[in-house]
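Below, each chain spelled out in residue letters.
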Amino acid sequence: MSSTRDRWPAMRAVMAKDLTAIRRSKGVMLPMVIVPALLLVVLPAAVGLAASNAHAPDVTHVLRSLPGNIARPILRVPPAQRLVTLVDGYLLAPLFLIVPLMVASVLAADAFAGEKERKTLESLLHLPIPEADLFYAKVLGAFVPAVLISWVGFVAFAIVVNTTAWSVTHHLIVPTRLWLVMIFWVAPAVAALGLGVMVRVSARAKSTQEANQLGGAVILPLIFLAVGQSSGLLLVTLPIALAIGVAVWALALWLTIRGARRFTRDRVAVAV
């Protein structure tokens, strides 16, 4: 069996080919650029400006009514800073798990279904590369852009949030240690989880539209779960946040490895 070093050039060639196809496809590029810009720049700017308004309401009584010690980190800051800290530091957190999932699903839907639409699937399947490596190359070709876009979006989000909130807080709201765990540990795991599902869907679909429709039934619950849990993730302890990331990574890797083992050229060809 060839070593990973010997197999990597072929995988890298497939990834480079996918990235080139992505750059040339407006149907793939536009959602990857416009949606993160709206979620991570425009919306935080509008919400941040509203929350930093001098006449913004005091949310102390609302925070004290929350169960347990959920609101303790926010109650530690002065009352005038609590609303903007709550909104910018916690309530906008779901955006960061939506973006990698959304970008990953768009790219993964194009992984094999896009090849079928562009009539390049036959040449892809005849490449001298093991089937598992071909599957992994497709996953990595979508994973890398999804994570990079999430990280670039986080930098833009941090600039917008800290700029709009500075007049009230006079200190940086993000990043915190828990934010960094979510962005650099949990968000890539979420992207990998979405890819583990969507690449397999793309291999069976006849077009990217069909892949998106089939994958939506699986990805949408993941998005709802991410939205529901991401704000709370920033209120737990650091070890718990790391453990959540481990659990998501374990599930994502299991799905990806299982998908690679079940992937065959014949199944993809039959789906054409």
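This text gives an overview of the structure that appears in the document. Everything quoted here is computed from the prediction, not taken from an experiment. Each chain carries its own residue numbering, running from 1 in the direction its sequence is written. This being a predicted model, a pLDDT of at least 70 is required before a residue's local features are given, and a value of 80 or more before pairs of side-chain atoms are given or counted; all residues contribute to the totals for chains, interfaces and linings. Each side-chain value is worked out from all heavy atoms of the structure, with water and hydrogens disregarded.

## Examining the overall build of the protein
Numbering goes from the N terminus for both helices and strands, where a helix is a DSSP run of H or I of at least four residues and a strand is a run of E of at least two. In terms of helices and strands, the protein carries 13 helices and 0 strands. In sequence order, the secondary structure elements of the protein are arranged as α-α-α-α-α-α-α-α-α-α-α-α-α. Within the protein, buried positions represent 50% of all 272 residues. Only heavy atoms enter the contact rule, under which two residues are in contact if any of them lie within 4.5 Å. The long-range fraction of contacts in the protein, counting pairs at least 24 apart against all pairs at least 6 apart in sequence, stands at 83%. Per-residue accessibility takes into account occlusion by the displayed protein chains alone, with areas from the Shrake-Rupley method and a 1.4 Å probe. Carbon and sulfur atoms make up 69% of the accessible area of the protein, which amounts to about 13,600 Å² in all. For every residue, the accessible area (1.4 Å probe, protein chains only) is compared with the maximum for its type, and the residue is labelled buried under 20%, exposed over 50%, or partly exposed between those bounds.

## Observations concerning a nonpolar patch on the surface
Where nonpolar side chains cluster on the molecular surface, the patch consists of Leu30, Val33, Ile34, Leu38, Val41 and Val42 and spans about 500 Å² of accessible area. Among the secondary structure elements, valine 41 is positioned in helix α2 (residues 26-51). Exposure remark for valine 41: the relative accessible area of 31% places this residue in the partly exposed category. Patches here: salt-bridge-free residues with over 30% relative accessible area, like charges joined within 9 Å, nonpolar side chains (Val, Leu, Ile, Met, Phe, Trp, Tyr) joined within 5 Å. Whenever a carboxyl oxygen of Asp or Glu lies within 4 Å of a side-chain nitrogen of Lys or Arg, that contact is scored as a salt bridge.

## Re the packing of helix α6 (residues 94-109) against helix α9 (residues 131-169)
Angles run from 0 to 180 degrees between N-to-C directions of axes, and those axes are lines fitted to C-alpha atoms, restricted for helices to the stretch in contact. Where α6 contacts α9, the two axes come as close as 9 Å, and the packing angle between them is 150 degrees. Considering their axes alone, α6 and α9 lie roughly antiparallel with respect to each other. Of the two elements, α6 crosses α9, and the hand of that crossing is right-handed. Together, Phe96, Val99, Pro100, Val103, Ala104, Leu107 and Ala108 of α6 and Ala142, Pro145, Ala146, Ile149, Ser150, Gly153, Phe154 and Phe157 of α9 make up the contact between the two elements. Comment on the angle field: the value is read as roughly parallel under 35 degrees, roughly antiparallel over 145, roughly perpendicular from 65 to 115, and oblique elsewhere. Definitions for this section: a left-handed crossing has its near helix turned counterclockwise from the far helix by less than a right angle. A right-handed crossing has that turn clockwise.

## A few points about the pattern of salt bridges
Counted according to the given criterion, the structure contains 1 salt bridge. Here lysine 138 makes a salt bridge to aspartate 18, at a shortest N to O gap of 2.9 Å. Within this pair, whereas lysine 138 is found in helix α9, its partner aspartate 18 is found in helix α1 (residues 4-24), the two being separated by 120 residues in sequence. Both residues of the pair, lysine 138 and aspartate 18, count as buried.

## With respect to helix α12 (residues 238-262)
Compared with an ideal rise of 1.5 Å per residue, which puts 25 residues at 36 Å, α12 spans 36 Å between its outermost C-alpha atoms and is within 8% of the ideal. Within the sequence span of α12, burial applies to Ala241, Gly245, Val248, Trp249, Ala252, Leu255, Thr256, Gly259 and Ala260. The length a helix should cover is 1.5 Å for every residue beyond the first.

## A word on α2
When the terminal C-alpha atoms of α2 are compared, their 35 Å separation across 26 residues agrees well with the 38 Å that a helix rising 1.5 Å per residue should span. One fitted axis covers the seven residues ending at a residue, a second covers the seven starting there, and the bend at that residue is the angle between these axes. A bend of about 35 degrees at leucine 38 is the largest found in α2. Burial in α2 covers these residues: Val28, Met32, Pro36, Leu39, Leu40, Pro44, Gly48 and Ala51.

## A closer look at the environment of leucine 195
Mapped onto the elements of the fold, leucine 195 is located in helix α10 (residues 177-204). Taking relative accessible area as the criterion, leucine 195 reaches 0% and is therefore assigned buried. Residues leucine 195 and leucine 255, 60 residues apart in the sequence, show an inter-C-alpha distance of 8.9 Å. Sequence-distant contacts of leucine 195, that is, excluding residues within four places in its chain, are made with Ala104, Ala108, Val139, Ala142 and Phe143.

## Concerning the packing of aromatic side chains
Two aromatic rings from Phe, Tyr or Trp, using only the six-membered ring of Trp, form a pair when their centres are within 6.5 Å; if the ring planes differ by under 30 degrees the pair is stacked, by over 60 it is edge-to-face, and anything between is tilted. Counted under the stated rule, the structure contains 7 aromatic pairs. With centroids separated by 6.4 Å and ring planes inclined at 75 degrees, the aromatic side chains of phenylalanine 135 and tyrosine 136 adopt a geometry described as edge-to-face. For phenylalanine 135, a relative accessible area of 1% translates into the label buried. Exposure remark for tyrosine 136: the relative accessible area of 26% places this residue in the partly exposed category.

Read these as spatial facts, not as claims about activity.
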